[in-house]
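# Fold and geometry: a report
Each chain is listed here by its residues.
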Amino acid sequence: MSIELARAHLDRFGRGGEIIESEESKATVELAAVALGVSPAEIAKTISLYTEDRSAAILVVASGDAKIANAKFKAHFGTKARMLAAEDVEPMTGHAIGGVCPFGNPPSAEVWLDASLKRFDTVYPAAGGANTTIALTLGDLETISGARGWVDVTKLPETEPAQ
């Protein structure tokens, strides 16, 4: 089960006991934000995309309010941004839909952190299940996730002009 994979991974850093589990689902950014009492932007969602040859996953951890910017993604990764098909999510990420996270993934899954997260000191990624999360500083997220690096492959929502 993916919660156990995530917990075992986090245990290697002494953080497995910090997983927040609740009765409420955190399977979407909005549900997670409400359950945790934080803004949706502070939720660190893991976006699962195919590598160019579709043999593995690229996991982009981004702010909850960010969306993949196709041109930026293609410029960095050399391929069009294609979300994993539902039947590929668990085999390629180690986690079921709703619990995909940057912990306990197969070695073939590349974890990248998106610049959209840099607005926050602490973010809340999933921890292997639809009702789990963990609070991590950006430095801890970078270390614990084993991220290959930082990228800028998303766009943020346009803000309303001041009146």
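What you see is a predicted model, and the numbers here were worked out from it, not measured in a lab.

### Examining the nonpolar core
Within the largest apolar cluster, 29 residues are counted, with the highest numbers of intra-cluster contacts made by V61, F103, L117, V123 and L141. Put simply, the parts of the chain that give this core at least two residues each are α1 (2-11), β2 (43-50), β3 (57-63), α4 (86-93), β5 (110-114) and α5 (138-145). In this structure, L141 is in contact with V61, P102, F103, L113, L117, V123, P125 and L136, ignoring residues within four places of it in sequence. Within the second largest apolar cluster, 13 residues are counted, among which are V60, A62, F73 and A81.

### Regarding the environment of V60
Relative to the assigned elements, V60 resides in strand β3. Ignoring sequence-local partners within four residues, the contact set of V60 consists of K45, T46, I47, L49, I68, F73, W112, D114 and V153.

### Section: the environment of V34
Here V34 lies in helix α2 (residues 29-36). You can call V34 exposed: its relative accessible area is 69%. Distance from V34 to E24, taken between C-alpha atoms, is 9.4 Å for residues ten residues apart in sequence.

### Here we look at the pairing of β3
Among the seven residues in β3, seven count as buried, and that is most of the element. The pairing of β2 with β3 spans seven bridges and is classified as antiparallel. Paired with A44 across the strands is S63, a residue of β3. Inspection of the sheet shows β3 paired to β5 by four bridges, in the parallel sense. Among the inter-strand pairings, V61 is bridged to a residue of β5, identified as L113.

The rules behind these values
- Residues numbered from 1 in each chain as written.
- Predicted model: local features only at pLDDT ≥ 70, side-chain atom pairs only at ≥ 80, totals over all residues.
- Heavy atoms only, no water.
- Core = buried A, V, L, I, M, F, W, Y, C linked by side-chain atoms within 4.5 Å.
- Buried < 20%, exposed > 50% of the residue type's maximum accessible area, 1.4 Å probe, protein only.
- Helix = DSSP H or I, 4+ residues; strand = E, 2+ residues; numbered from the N terminus.
- Contact = heavy atoms within 4.5 Å.
- Pairing = 2+ DSSP bridges.

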